[in-house]
Amino acid sequence: MITPRSWLPIPLLSLLLLVVWLLMVRSLAVGHLLLGSVLAVIIPLFTYRFWDVQPRVKKPGLLLRFILRVLGDIIVANFQVAWLIINPWQRSSPHFVEYPLMLEERFTITLLANTISLTPGTVSANLRLDGKTLLIHALNVEDEDALIAEIQDRYERPLKEIYEC
């Protein structure tokens, strides 16, 4: 017997694929609904073996707070970078920082690296092969230790609580 889990291994991905398909064709015609549904079932069936196991969110309230914090930090960092650009007399001090990781799971390390890269003025450049340090480039670094402490407090510790309790 075919179970729903076997023909729909990643239901949220299937739903997302159907919605994206309907948005791309900009039509709710029966043919488009049928083709989108077939694609939404077939694509995850062929690709689910390549996906890592998705971690469970241990604290969803903390995840929402983390998302809001990151969005706020992105807005503030946009203004800070704009201020550096429009003030040519203010010297920026770009710097590469070797960031020691507390996280161990690949998924949470990827989330941390993406969060750092989303914030204007910082880019995660490289994850060392041992998985213990992340190389970060920051546009304006006054104190390297302060930057490391800020990333740990604002991003890494909440991610560790959310996913790796």
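For the protein chain, an unreviewed UniProt entry supplies the name Multicomponent K+:H+ antiporter subunit E and the organism Halomonas cerina. On record in UniProt, under Sequence similarities (unreviewed entry), the comment for the protein chain is "Belongs to the CPA3 antiporters (TC 2.A.63) subunit E family." As recorded by UniProt, the Subcellular location (unreviewed entry) comment attached to the protein chain reads in full: "Cell membrane".

Asker: Where do I start with the domain arrangement of the protein chain in this structure?
Answerer: The extent of an interface is frequently quoted as the accessible surface area lost upon association of the parts. For the protein chain, the assigned domains read domain 1 (11–50) and domain 2 (60–164). Distance from the C-alpha centre of domain 1 to the C-alpha centre of domain 2: 34 Å.

Asker: What am I meant to see in the packing of helix 5 (residues 106–118) against helix 6 (residues 144–163) here?
Answerer: A pair of packed helices can be characterised by two numbers: the angle between their axes and the separation between those axes. Where helix 5 meets helix 6, the axes come as close as 10 Å, and the angle between the chain directions of the two elements is 150°. Regarding the angle of helix 5 to helix 6, the classification is roughly antiparallel. The way helix 5 lies across helix 6 gives a crossing that is right-handed. Across the interface between the two elements, F107, T108, L111, L112, T115 and I116 of helix 5 pack against I151, Y155, E156, L159 and Y163 of helix 6. Tallied by class, the residues present in the contact of helix 5 with helix 6 amount to eight nonpolar, two polar and one charged.

Asker: Mind showing me how you'd approach the nonpolar core here?
Answerer: Grouped burial of nonpolar side chains is what soluble globular proteins tend to show. Judged by nonpolar contacts, the single largest core of 23 residues is most densely connected at Y99, L112, L134 and I151. At the level of secondary structure, the elements contributing two or more residues to this core comprise helix 4 (60–86), strand 1 (95–100), helix 5, strand 3 (133–138) and helix 6. No other element matches helix 6, which puts seven residues into this core. Leaving out residues up to four positions away in the same chain, Y99 has contacts with L112, K132, T133, L134, I136, I148, I151, Q152 and E156.

Conventions used here
Residues numbered from 1 in each chain as written. Predicted model: local features only at pLDDT ≥ 70, side-chain atom pairs only at ≥ 80, totals over all residues. Heavy atoms only, no water. UniProt positions renumbered as here; feature names shortened; annotations may be inferred. Domains from an automatic or database assignment. Axes fitted to C-alpha atoms, helices over the stretch in contact; angles between N-to-C directions. Helix = DSSP H or I, 4+ residues; strand = E, 2+ residues; numbered from the N terminus. Parallel < 35°, antiparallel > 145°, perpendicular 65-115°, else oblique. Left-handed = near helix turned anticlockwise from the far one by under 90°. Contact = heavy atoms within 4.5 Å. Nonpolar A, V, L, I, M, F, W, Y, C, P; charged D, E, K, R; others polar. Core = buried A, V, L, I, M, F, W, Y, C linked by side-chain atoms within 4.5 Å. Buried < 20%, exposed > 50% of the residue type's maximum accessible area, 1.4 Å probe, protein only.

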